[in-house]
Amino acid sequence: MAEHDPQSIPALLERNARRYGANAAYREKEFGVWQTWTWLATAEEVRSLALGLLALGINRGDYVAIIGRNRPALYWSMVATQKVGAIPVPLYQDAVADEMAYVLDHCGARFVIAGDQEQVDKVLEVGDRAKSVEHILYLDPRGLRKYDHSHLHALADVAAEGRAAHERLEPELKAREAEVTYDSTCVMLYTSGTTGRPKGVVLSNRNIIETSKNSSEFDRLRAGDEVLAYLPMAWVGDFIFSIGQAYWTGFCVNCPESESTVQTCLREIGPTYYFAPPRVFEQLLTDVTIRMEDASRLKRWLFARAMKLARRVGPRLLDGQSVGAWDRFRYWLNGRLIYGPLKDALGLGRIRVGYTAGEAIGPEIFEFYRSLGINLKQLYGQTEASVFITQQPDGQVRSDTVGIASPGVELKVAESGEVFYRSPGVFVEYYKNPESTAGTKDDEGWVATGDAGFIEEDTGHLRIIDRAKDVGKLADGRLFAPKYVENKLKFYPNILEAVVFGADRPDCTAFINIDLQAVGNWAERSNLAYASYQELAGNPRVYAMISEHVAEVNRTLADDPILSGCQVHRFLILHKELDADDGELTRTRKVRRRIIEEKYADLLTALYDGSESIYTETEVTYEDGRKGKISATLKIARAEVAAPTAQKVAAE
Amino acid sequence: MNDTAVTTTPDGRTIGGVLMEMKHITLRFGGVEAIKDISFDIREGEIRAIIGPNGAGKSSMLNIISGFYVPQEGEVWFRGVKRPPMKPFQVAKLGIARTFQNIALFDGMSVLDNVMTGRLTHMSSGLFGQALWWGHAQAEEVENRAKVERIIDFLEIQNIRKTPVARLPYGLKKRVELARALAAEPSLLLLDEPMAGMNVEEKEDMSRFILDVNDEFGTTIALIEHDMGVVMDISDRVVVMDYGKKIGDGTPDEVRANQDVIDAYLGVAHD
């Protein structure tokens, strides 16, 4: 923490404008062409916006909600907000008006900066439920021309007014900026929360800058790196990658043209530093697999041969282990002919550092990317830690751990198995919620992760088993770790989502969601006709296929002395996809166990009372907020259960 | 109604004077009278619908406006001037663009190229210059591409920019057709059954785009449509045709209350 290091994001921006002035800071594809802003241009844009906000009467400590897809102007809005001593609060853009109302009201936002008409409409719909909102600023004017503009402003106009009034407002801006310290709030992020209302996590400049500095050094990130900003701006990861680390190191943030063009833009940019949740990597691999299955026999044969070699040699090369000259040569040749073009098609051709986190990733999926020579690693993080708790150093990458403690982070595992950490990134508090703050962070700064895990003695790597509160006991006292089992199930491309039950019950059962793309493709190839998701889900042959997957998972569980009790005895395939709009998943697509348990109580009962099938009606919410009902008769299937093999050696 | 009066709709759009006027149009194919003595006008900035049961002569009327058919009797007035018989390409130069009932795109070409063809009437460089991408042709292409990209952005088809049209689903093809027509920057846009064969969601999307085009670019739109619900929702005025005759003309509410229209659509009991 050298004293000359900038102490805030706006200060880092000034430094970058001096140091990397002519380098690209932001790119956005618009009207089919990548538009570029240098650090110098960015500093100018941010200054204009900050002056404009002052002209609108923004006060110190005001909360400014920012809602929209990843666009440079919205990132600038966040920094401009910090520059005038206010606090940016990015929100999830797919949040429905109700969720938005709660957050806007909770932080008392006076300003909302919205990406487009859709977001403006939601804020207007919230209306009286968030009385604090005084001004709405919007980026894309389309469709908004005829709205009442008494409290509505185009962001470009605000910036222009700021520029026009710079003589008058400059002194005030200077004064405000000088007041921002290392301990001022940098950003407030609402956690999606698997239970209860979202909590506002307050992160200081110290949290963000220290974390960005440490993690950038860990992976040797540098000016000249490229990232694609496509994950929700409200998520702490995007804030760290696209603002924290980008401003610390001076690398370039690229914003895709629209949500539907992310894959094309990824290819065009070819990022060198990339983050994606496991489901994105799964999806990509599924796409590759499906397309290879449709390819000619010669291509299939070549691909299979090349991948066999890659799986054997690729990861060892990445980890710097010794590989024979002949294998090296063959890998290099295949790289020119097959891996290279494939990586390029996926947009992963230039990756130096790639991360995945948030959920467990299937070992096959992980190995696939590693074997192609993509340096994909895992990290473990939380909003409360400004992301980084543990991460995998180059050369020590495995699919079943989440790595060693990140630089500056201390780890400990409590008696109960819950993991605790302490770091410079640890959040200041939950906004207006001292009880929760006290319940999560103790006086010495240790934070409970809520996850159960253990540290491997020989390697020092952390392994996470499950959410601490989800880890329970079966009726006979055997250990029950639902997520561990769910992850094993979800590693099958045919299974999109699984929810396992069993706490205080005699045995385990599961709800399964099939993956429409993978199973649909399989159905097409095996001449199976279906008209809807529901019909496909209820097909006996699909049941048989899923049944096999469950049986395989049961066999691997039987080998595990601790978790052999978690074998799934009965399951059913749900008639609808679990959806965040119905409250069944969080916005980051994590299963909300309690809600599912309540909502589908009838199905759960049927899994345990010996029924063969059950009729059910479920309420669904459409994207526009309307509600409807779907009904179905679901079959309950029995799965093959394996006898525990390792019971006798479980002497611990 | 006064010819030059400027009115404002309840949703705040401005409707100007008469842009196009059809006077006593009669169209015959041999002995068949497809259109009998029909007169109506289209005002600047409005969404004007022509509806009617199958075979009422709607498409023929659109074809007369676009210059494809020349009526045996009657006059077509455009911007206060009587229009002499014209070829479709000459009509296009006047600023009238259209889409077709059964999609007429170039299947093998990408969406971008298809939309670019809509700019043809605005290009002056010759075949040679374009082939060599040299001098004036180069500047012209860049300028036209920029215009086309704005339309691609407007209609939210960025993700299929480079996709060959043949690979697109029906609803998207319709949207590409609209994009191509818009690329001509028409002052009058003719849409021939823009929502035929679409599902409810696609219809809603298309309705929104039609309203947005009218709102954002101030384009006058004349459309033929089967779906009464959609027409009544988005049009300012409606002409109703039946067996080649005009049986109603007015705002959606007026048309809805018109007994002849109700009879034509629901059938009449013959005693």
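The model shown is predicted, which means the values in this text are computed figures rather than measured ones.

**Student:** Honestly, the overall build of chain B in this entry has me stumped. Any pointers?
**Tutor:** Within chain B, the secondary structure is distributed over ten helices and twelve strands. The C-alpha radius of gyration of chain B comes to 19 Å, within 12% of the 18 Å expected for a compact globule of 271 residues. Along the first, second and third principal axes, the C-alpha atoms of chain B reach 70 × 40 × 40 Å. Here chain B, with 271 residues, has 49% of them falling under the buried criterion. Sequence-distant contacts in chain B: of pairs separated by 6 or more residues, those separated by 24 or more amount to 66%. By element, 55% of the accessible surface of chain B is carried by carbon and sulfur atoms, the whole surface being about 13000 Å². If the 30 positive side-chain charges of chain B are averaged to one point and the 40 negative ones to another, these points end up 6 Å apart.

**Student:** Teacher, can you tell me more about the domain arrangement of chain B here?
**Tutor:** Interfaces are often described in size by the accessible area the parts lose on coming together. Residue and element names in this part refer to chain B. Domain boundaries assigned for chain B yield domain 1 (7–95 + 186–266) and domain 2 (105–172). Between the C-alpha centres of domain 1 and domain 2 the distance comes to 28 Å. In this assembly, twelve residues from domain 1 lie in contact with six residues from domain 2. Taken together, both faces of the contact between domain 1 and domain 2 bury some 750 Å²; the carbon and sulfur share is 70%. Contact with domain 2 buries area across many residues of domain 1, yet Lys 93, Phe 209 and Phe 217 alone supply 45% of it, more than any other trio. At the boundary of domain 1 with domain 2, the tally comes to one salt bridge. For the salt bridge of Arg 208 with Glu 156, the shortest nitrogen-to-oxygen distance reads 4.0 Å. Linking domain 1 to domain 2 there are one residue pair in polar contact (both at pLDDT 80 or more).

**Student:** Whenever I open this one, the pairing of strand 4 (residues 32–43) of chain B confuses me. Can you help?
**Tutor:** Residue and element names in this part refer to chain B. Looking at chain direction, strand 3 (residues 18–29) and strand 4 are connected through eight bridges and run antiparallel. Its bridge partner being in strand 4, Val 18 is matched across the sheet by Arg 43. Counted between consecutive antiparallel strands, the loop separating strand 3 from strand 4 contains two residues, among which Gly 30 sits at a positive phi close to 60°.

**Student:** Quick question: what am I supposed to make of the nonpolar core here?
**Tutor:** Nonpolar side chains tend toward joint burial in soluble globular proteins. Residues A:Tyr247, A:Tyr339, A:Leu348, A:Phe368 and A:Tyr369 are the most contacted members of the largest nonpolar core, which totals 117 residues. With sequence-adjacent residues up to four places away left out, A:Phe368 is seen in contact with A:Leu285, A:Val288, A:Phe303, A:Met307 and A:Leu342.

**Student:** I keep staring at helix 8 (residues 205–218) of chain A and nothing clicks. Help me out?
**Tutor:** Turn by turn, an α-helix covers 3.6 residues, leaving residues three or four places apart pointing in a common direction. All names here are of chain A. For helix 8, built from 14 residues, the straight-helix expectation of 20 Å at 1.5 Å per residue is met to within 8% by its first-to-last C-alpha distance of 20 Å. Counting buried residues along helix 8, eleven of its 14 residues qualify, which places the element largely inside the surrounding structure. Those residues of helix 8 that sit buried are Asn 205, Asn 207, Ile 208, Ile 209, Glu 210, Thr 211, Ser 212, Lys 213, Asn 214, Ser 215 and Ser 216. Looking one or two residues beyond helix 8, the residue adopting positive phi is Arg 220, at roughly 50°.

**Student:** I'm lost on the sheet that holds strand 21 (residues 462–467) of chain A in this one. Help?
**Tutor:** Two pairing modes exist for strands in a sheet, parallel and antiparallel, and in both the strands are linked by backbone hydrogen bonds. Residues and elements named next belong to chain A. If you trace the four strands from one edge of the open sheet to the other, you get 17-18-20-21, paired in antiparallel fashion. Since the sheet does not close on itself, it has two edges, and those belong to strand 17 (410–413) and strand 21, each with one partner. Geometrically, the sheet is characterised by an average inter-axis angle of 50° between neighbouring strands, direction not taken into account.

**Student:** Is there a simple way to think about a negative patch on the surface in this case?
**Tutor:** Among the surface-exposed residues, A:Glu118, A:Asp121, A:Glu125, A:Glu259, A:Glu577, A:Asp579, A:Glu623, B:Glu201 and B:Glu204 lie close enough to one another that they form a single negatively charged patch. Those elements giving two or more residues to the negative patch turn out to be helix 5 (117–126) of chain A together with helix 7 (200–217) of chain B. With three residues, the top contributor of residues to the negative patch is helix 5 of chain A. Here A:Glu125 lies in helix 5.

**Student:** What is the right way to read the interface of chain A and chain B from this model?
**Tutor:** The partner chain B presents 17 residues to the eleven residues of chain A that form the contact. Carbon and sulfur atoms supply 41% of the area buried between chain A and chain B, which totals about 1200 Å² over both sides. Per-residue buried area on chain A facing chain B is highest for A:Phe31, A:Arg142 and A:Lys146; these three make up 55% of the total on that side. For the pair chain A and chain B, the number of links is five salt bridges. Here A:Lys146 and B:Asp215 are joined by a salt bridge, their closest N and O atoms 2.2 Å apart. Our enumeration of links across chain A and chain B arrives at seven residue pairs in polar contact (both at pLDDT 80 or more). Class assignment for the residues of the side of chain A that touches chain B results in one nonpolar, five polar and five charged.

**Student:** For this particular structure, what's the right way to read the sheet that holds strand 3 of chain B?
**Tutor:** Residue and element names in this part refer to chain B. A sheet is described by the order of its strands in space; here four strands give the open sequence 4-3-6-7, paired in antiparallel fashion. At either end of the open sheet lies a strand with only one pairing partner, and these are strand 4 and strand 7 (81–82). Of the pairings in the sheet, the one linking strand 6 (residues 73–78) to strand 7 comprises two bridges and is antiparallel in character. Its bridge partner being in strand 7, Trp 77 is matched across the sheet by Lys 82. Packing against the sheet, helix 1 (residues 58–65) makes contact with strand 3, strand 4 and strand 6, and its axis sits at approximately 120° to strand 3.

**Student:** For this particular structure, what's the right way to read the domain arrangement of chain A?
**Tutor:** Residue and element names in this part refer to chain A. In terms of domain boundaries, chain A breaks down into domain 1 (9–275), domain 2 (277–349 + 357–374), domain 3 (384–463) and domain 4 (472–649). Between domain 1 and domain 2, the C-alpha centre-to-centre distance is 36 Å. Listed by partner, the interface residues are nine residues for domain 1 and ten residues for domain 2. Both faces considered, domain 1 and domain 2 share a buried interface measuring about 720 Å² in area, 62% of it formed by carbon and sulfur atoms. Looking only at domain 1, the three residues that lose the most surface to domain 2 are Arg 267, Tyr 274 and Phe 275, adding up to 60% of its buried area. Where domain 1 touches domain 2, the interface holds zero salt bridges.

**Student:** Got a minute to help me understand unusual backbone geometry in this structure?
**Tutor:** Generally, phi is negative for residues other than glycine and the peptide bonds are trans, each holding for most cases. Residues and elements named next belong to chain A. The phi torsion at Lys 432 lies on the positive side, around 50°, for a residue other than glycine. The phi torsion at Asp 504 lies on the positive side, around 60°, for a residue other than glycine. Position of Asp 504 among the secondary structure elements: in the loop between strand 24 (495–501) and strand 25 (508–514). We classify Asp 504 as exposed; its relative accessible area is 64%.

**Student:** Please clarify how the packing of helix 11 (residues 278–293) of chain A against helix 12 (residues 297–318) of chain A should be interpreted in this entry.
**Tutor:** Each pair of packed helices can be summarised by the angle the axes make with each other and by the distance between the axes. All names here are of chain A. Direction vectors running N to C along helix 11 and helix 12 enclose 135°, while the axes themselves pass 9 Å from each other. On the basis of the axis angle, helix 11 is oblique to helix 12. Here Val 288, Met 292 and Glu 293 of helix 11 come into contact with helix 12, specifically with Lys 299, Arg 300 and Phe 303. The residue inventory of the contact of helix 11 with helix 12, partitioned by class, reads three nonpolar, no polar and three charged.

**Student:** I'm lost on the pairing of strand 11 (residues 252–255) of chain A in this one. Help?
**Tutor:** Within a regular strand, the side chains alternate between the two sheet faces. All names here are of chain A. Alternating positions in strand 11 separate into two faces, Cys 252 and Asn 254 on one and Val 253 and Cys 255 on the other, with burial throughout. Pairing between strand 1 (residues 24–30) and strand 11: three bridges, direction parallel. Following the sheet pairing, Glu 28 is matched in strand 11 by Cys 255. In this sheet, strand 11 lies alongside strand 10 (residues 226–228) in parallel orientation, the contact comprising three bridges. What sits directly across from Leu 228, in strand 11, is Asn 254.

Rules and cut-offs
Residues numbered from 1 in each chain as written. Chains lettered and ligands numbered in written order. Predicted model: local features only at pLDDT ≥ 70, side-chain atom pairs only at ≥ 80, totals over all residues. Heavy atoms only, no water. Helix = DSSP H or I, 4+ residues; strand = E, 2+ residues; numbered from the N terminus. Rg over C-alpha atoms; globule rule 2.2 N^0.38 Å. Buried < 20%, exposed > 50% of the residue type's maximum accessible area, 1.4 Å probe, protein only. Contact = heavy atoms within 4.5 Å. Areas by Shrake-Rupley, 256 points an atom, 1.4 Å probe, with all protein chains shown as cover. Lys, Arg positive; Asp, Glu negative; His and termini not counted. Charge placed at Lys NZ, Arg CZ, Asp CG, Glu CD. Domains from an automatic or database assignment. Buried area = accessible area lost by both parts, 1.4 Å probe. Salt bridge = Lys/Arg side-chain N within 4 Å of Asp/Glu carboxyl O. Polar contact = N/O pair within 3.5 Å; in protein donor to acceptor, adjacent residues only side chain to side chain. Pairing = 2+ DSSP bridges. Core = buried A, V, L, I, M, F, W, Y, C linked by side-chain atoms within 4.5 Å. Expected span 1.5 Å × (residues − 1). Axes fitted to C-alpha atoms, helices over the stretch in contact; angles between N-to-C directions. Patch = residues over 30% accessible without salt bridge, like charges linked within 9 Å, V, L, I, M, F, W, Y side chains within 5 Å. Nonpolar A, V, L, I, M, F, W, Y, C, P; charged D, E, K, R; others polar. Parallel < 35°, antiparallel > 145°, perpendicular 65-115°, else oblique.

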